[in-house]
Amino acid sequence: MGAVSGMADDGRAELGTASSGAEAKDGGFDAALGAAWLTAAADAVAREAERLSMLDAAIGDGDHGTNLKRGFAAVAAKLAEGVPATPGAVLVLTGRQLISTVGGASGPLYGSLLRATGKALGETESADVAALAAAFTAGVEAVAKLGGASVGDKTMIDALSPAVEALRAAAEDGVPTAQALDLAARAAEEGAQETVPLRARKGRASYLGERSEGHEDPGAASTALLLRVLADAAA
Amino acid sequence: MLTNSPETVVADALAGLAAAHPGLRVDAERRIVLRAEPTRPGKPALVSGGGSGHEPLHAGFVGHGMLDAACPGEVFTSPVPDQMLAAAQAVDGGGGVLFVVKNYTGDVLNFQMAAELLEDEGIEARTVLINDDVAVEDSLYTAGRRGTGATVFAEKTAGAAAELGADLDTVARIAERTNAACRSFGIALGPCTTPATGRPGFDLGENEIELGVGIHGEPGRRRAPFAPADELAEIAVDAVCADLDFGGDAMVLLNGMGASPLLELYIVYAAVVRGLGKRGVRVVRNLVGEYVTSLDMPGFSLTVCRAEPDLVDLWDAPVQTPALRWGR
């Protein structure tokens, strides 16, 4: 937790210098940002597919990158046909595409995350950090319910949960969208790193028992990657 | 590897499956395999599916007396709910749909979503989870016991019951009872290689074997030095018999994992029959061969099913599928 509060301090310091300019152009999380994020995610996942699959090969069956690449390519293709009017609808559409194309455990888990987050955003045309944090919380709860995983089980929850916490803290501190998303991405990256020593308790890696220790969880790694792409799209 | 490209492995294999078996209807676009004949009105329909790489499971068990449809996923990757929904809608004859699901996180989650979608469509659905792999001892801190050879027994007995006029609840109960009567244990002499990675899924030393391996090469109970076939058979028999009292008669599947010749499987089978006999278990039905494979993995899995009389009758009932056919 020390690292997280340190980051928040950094955030506030930056806020002082950037706020006047940033506030004017802080459009929040809108449909355009959502579409930009998910289109960039298709490129990023394709670029990192090999790395994600290698992480999976160590404690799973080595197809996490391939499966996500197929799913996000389908998402990008769908968004190229037309972008829905609201950010919520963009996320719901993305969730459906992932469920229909990824398979494995990642398809339903990422699909539910985005669908539930999108539904929680409702009809809003632009979500501020507080609304985004609330919606994202609903999304992460949907993942936890579907997969039955808790923090420390060495899953994507270990990256998602700290990211949600960071986003909520950012909302309370009045941090602008781009910076809040950067804090969330950093928290997810740290959370993913913290899965390295953990022993897997869910999914295929759980059969390795202690042999799963010493490896980064591929689901937590892809979560951190996706949130970094979102932060970059908002910057 | 006999492939054209890693991306087209499943599609290319489905084209071959369709060409080889006119009794099947392969819908390449929706990625589902159906019987050529429509479902008899009122008969509960059996739908299964899972990652590819375990052939003949599941598409090889589509046909009279077993499955009505199968949904093949990518290699070692669960199929998606759209496939399951399309398959269920295609084969529902008004008697509802039974999903036969092997206990792997991906399969469970995707079938769960499909069942919810099916409910919205007004089609009655039941799900039976297959989890017969005794190698997984610690179910609290893992995703639970995996589904392996019991799938063949459950699809056979439940499929026969459906054919004989049982309703959906009865068919589901038969599948559950069959799963509860089965125990399996696998031993790998080496890893398997997925087309996508082109690399072995795990490393084993020159003279090392994996005891209790899963059908995707998941680790089992422990690694051990290589040993003669009779000793390996004894380890597998001991593992399944320690977990369930088969008390008398049993049906046995001695399954090749993909790269072990039938010659070797027979050597193991002889020892399995002896080992079960020593424990007072008489084998009344058997299958020896490749039924639930793991790509090119060398090794075998043993599934023993307690031979409850009605389950044996259902096992003996006529079946006509690419991989199992008798009595018709």
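All values derive from a computational prediction rather than experimental measurement.

Cut-off values and rules
Starting afresh in each chain, residues are numbered from 1 along the sequence in its written order. To read the labels, note that chains go from A and ligands from 1, taken in the order they are written. At least 70 in pLDDT is required for a residue's local features to be given in this predicted model, at least 80 for side-chain atom pairs to be given and counted, and no such filter applies to totals for whole chains, interfaces and linings, which use all residues. Only hydrogens and water are removed before side-chain values are computed, so all heavy atoms of the structure are retained for them. Per the convention used, a helix needs a DSSP run of H or I reaching at least four residues, while a strand needs a run of E reaching at least two, with both numbered from the N terminus. The atom set for the radius of gyration is the C-alpha atoms, and the globule formula is 2.2 Å times the number of residues raised to the power 0.38. Only protein chains enter the accessibility calculation, which uses a 1.4 Å probe; a residue is then buried when its area is under 20% of its type maximum, exposed when over 50%, and partly exposed in between. Contacts are assigned to residue pairs with any non-hydrogen atoms lying within 4.5 Å of each other. Method for areas: the Shrake-Rupley scheme with a 1.4 Å probe, in which residue coverage is limited to the protein chains shown. All tallies of charge rest on Lys and Arg as positive and Asp and Glu as negative; His and the ends of each chain are not included. The atoms used to mark charge sites are NZ of Lys, CZ of Arg, CG of Asp and CD of Glu. The way it works is a 1 Å grid over only the protein atoms, where trapped points that fit a 1.4 Å probe form a cavity and open points with protein on both sides within 12 Å along at least five of seven lines form a pocket, and then any residue with an atom within 4 Å of a point lines it. Grid points are joined across faces, edges and corners, and a volume is the space filled by probe spheres set on the points. Under the convention adopted here, Pro, Cys and the residues Ala, Val, Leu, Ile, Met, Phe, Trp and Tyr are nonpolar, Asp, Glu, Lys and Arg are charged, and Gly plus all remaining residues are polar. Domain boundaries shown here were taken from an automatic or database domain assignment. To get an axis, fit a line to the C-alpha atoms, keeping to the stretch in contact for a helix; angles then go from 0 to 180 degrees between the N-to-C directions. In what follows, roughly perpendicular refers to angles from 65 to 115 degrees, roughly parallel to angles under 35, roughly antiparallel to angles over 145, and oblique to any angle outside these ranges. Within 3.5 Å is the distance limit for a polar contact, defined as a pair of N or O atoms, with the added protein rule that one can donate a hydrogen and the other accept it, and that residues adjacent in sequence qualify only through two side-chain atoms. What makes a patch is a set of residues exposed beyond 30% relative accessible area and free of salt bridges, joined within 9 Å when like-charged and within 5 Å when nonpolar (Val, Leu, Ile, Met, Phe, Trp, Tyr). Between Lys or Arg on one side and Asp or Glu on the other, a salt bridge is scored when a side-chain nitrogen of the former is within 4 Å of a carboxyl oxygen of the latter. Here pLDDT means the predictor's own confidence in every residue, given as a number from 0 to 100. A 1.4 Å probe defines the accessible area here, and the buried area is the portion of it lost by two parts on being joined, summed over both. Here a crossing is taken to be left-handed if its near helix is turned anticlockwise relative to the far helix by less than a right angle, and right-handed if that turn runs clockwise. To define a nonpolar core, start from buried Ala, Val, Leu, Ile, Met, Phe, Trp, Tyr and Cys residues and group those joined through side-chain atoms within 4.5 Å.

## Details of the overall build of chain B
Scanning chain B from N- to C-terminus turns up eight helices and 14 strands. A compact globule built from 328 residues would reach a C-alpha radius of gyration of about 20 Å, and chain B, at 19 Å, matches this within 12%. Split into buried and exposed, the 328 residues of chain B put 59% on the buried side. Within chain B, residue pairs in contact and separated by at least 24 positions form 73% of the contacts whose partners lie at least 6 positions apart. Split by element, the accessible area of chain B, about 12400 Å² in all, is 51% carbon and sulfur. Averaging the coordinates of the 26 positive side-chain charges in chain B and doing the same for the 44 negative ones gives two points 5 Å apart.

## What about the layout of surface pockets?
All names here are of chain B. When its volume is computed, the largest pocket comes out at roughly 690 Å³. As for the largest pocket, its lining consists of 32 residues, of which Val9, Ala13, Ser52, Gly53 and Glu55 are closest to the centre. When contributions to the lining of the largest pocket are tallied by element, the ones reaching two or more residues are α1 (9–20), β3 (45–52) and β4 (69–75). Among the elements that make up the lining of the largest pocket, the one with the highest residue count is α1 (seven residues). Across the lining of the largest pocket, the residue classes break down as 16 nonpolar, 13 polar and three charged. Per-domain counts for the lining of the largest pocket show at least three residues from each of domain 1 (6–181) and domain 2 (182–313).

## Here we look at the packing of helix α5 (residues 106–121) of chain A against helix α3 (residues 105–120) of chain B
Angle between the axes and distance between the axes: these two values describe a pair of packed helices. For the pair α5 of chain A and α3 of chain B, the least separation of the axes is 9 Å and the interaxial angle reads 50°. Between α5 of chain A and α3 of chain B, the crossing angle belongs to the class labelled oblique. Between α5 of chain A and α3 of chain B, the residues in contact are Pro108, Leu109, Ser112 and Arg115 of chain A and Leu109, Asn110 and Met113 of chain B, respectively. Of the residues contributing to the contact of α5 of chain A with α3 of chain B, the split by class is four nonpolar, two polar and one charged.

## Describing the environment of Ala144 of chain A
Mapped onto the elements of the fold, Ala144 of chain A is located in helix α6 (residues 129–147). Sequence separation of Ala144 of chain A and Thr155 of chain A is 11 residues, and the distance between their C-alpha atoms is 9.9 Å.

## What about the side chain of Lys43 of chain B?
Residues and elements named next belong to chain B. Within the fold, Lys43 resides in the loop between β2 (32–35) and β3. A residue is classified by how much of its surface remains accessible, and Lys43, at 2% relative accessible area, is buried. In terms of polar contacts, Lys43 uses its side chain to reach the side chain of Asp68, at 2.9 Å. The residues touching Lys43, leaving out its near neighbours within four places in the chain, are Arg35, Asp68, Gly93, Gly95, Gly96, Ala162 and Glu163.

## Thoughts on a negative patch on the surface
A surface patch of negative charge is lined by Glu116, Glu119, Asp120 and Glu121 of chain B. One can find Asp120 of chain B in helix α3.

## What to know about the confidence of the model for chain A
Mean pLDDT for chain A: 90, with 89% of residues reaching 70 or above. In the model, residues 1–24 of chain A has pLDDT below 50 throughout and makes 14 contacts with residues more than four positions away in sequence or in other chains.

## Side note on the pattern of salt bridges
Pairs can form between side chains of opposite charge once their charged atoms are near each other. Residue and element names in this part refer to chain B. Enumeration according to the criterion identifies 32 salt bridges over all chains in this entry. Among the ionic pairs, Glu308 bridges to Arg177, the shortest N-O distance being 2.8 Å. Of this pair, Glu308 sits in the loop between β12 (299–306) and α8 (309–316) while Arg177 sits in helix α5 (residues 168–181), placing them 131 residues apart in sequence. Put simply, Arg177 and Asp310 hold a salt bridge, and the shortest N to O gap is 2.8 Å. With Arg177 in helix α5 and Asp310 in helix α8, the pair connects residues that are 133 residues apart, well separated along the chain. Owing to a relative accessible area of 30%, Asp310 belongs among the partly exposed residues under this scheme.

## A word on the interface of chain A and chain B
Counting from both sides, the interface comprises 28 residues of chain A and, opposite them, 31 residues of chain B. Summing both partners gives a buried area of about 2300 Å² for chain A against chain B, and 56% of it is carried by carbon and sulfur. Of all residues in chain A, the largest losses of buried area upon contact with chain B belong to Arg204, Tyr207 and Arg211 of chain A, amounting jointly to 30% of the total for that side. The tally of links between chain A and chain B comes to three salt bridges. Between Arg199 of chain B and Glu50 of chain A there is a salt bridge, with its nearest N and O atoms 3.8 Å apart. Of all the secondary structure elements, the ones that give two or more residues to the side of chain A that touches chain B are α2 (31–59), α3 (64–81), α4 (87–101) and α5 of chain A.

## Focus on the packing of α3 of chain A against α4 of chain A
All names here are of chain A. Where α3 contacts α4, the two axes come as close as 9 Å, and the packing angle between them is 135°. Comparing the axis directions of α3 and α4 gives the class oblique. Every pair of crossing elements has a handedness; the one defined by α3 and α4 is right-handed. Contacts between α3 and α4 involve Arg70, Gly71, Phe72, Ala74, Val75, Lys78 and Leu79 from the former and Val90, Leu93, Thr94, Gln97, Leu98 and Thr101 from the latter. Partitioning the contact of α3 with α4 into residue classes produces seven nonpolar, four polar and two charged.

## Notes on the nonpolar core
Residues Phe29, Trp37, Leu38, Phe72, Phe136 and Leu167 of chain A are the most contacted members of the largest nonpolar core, which totals 63 residues. Here the element with the most residues in this core is α2 of chain A; it accounts for 10 residues. Setting aside its immediate chain neighbours within four residues, Phe29 of chain A contacts Gly34, Trp37, Pro87, Leu91, Leu121, Glu125, Ser126, Ala127, Leu132, Thr177 and Leu230 of chain A. Membership of the second largest hydrophobic core comes to 59 residues, among which are Val10, Ala162, Cys192 and Leu314 of chain B.

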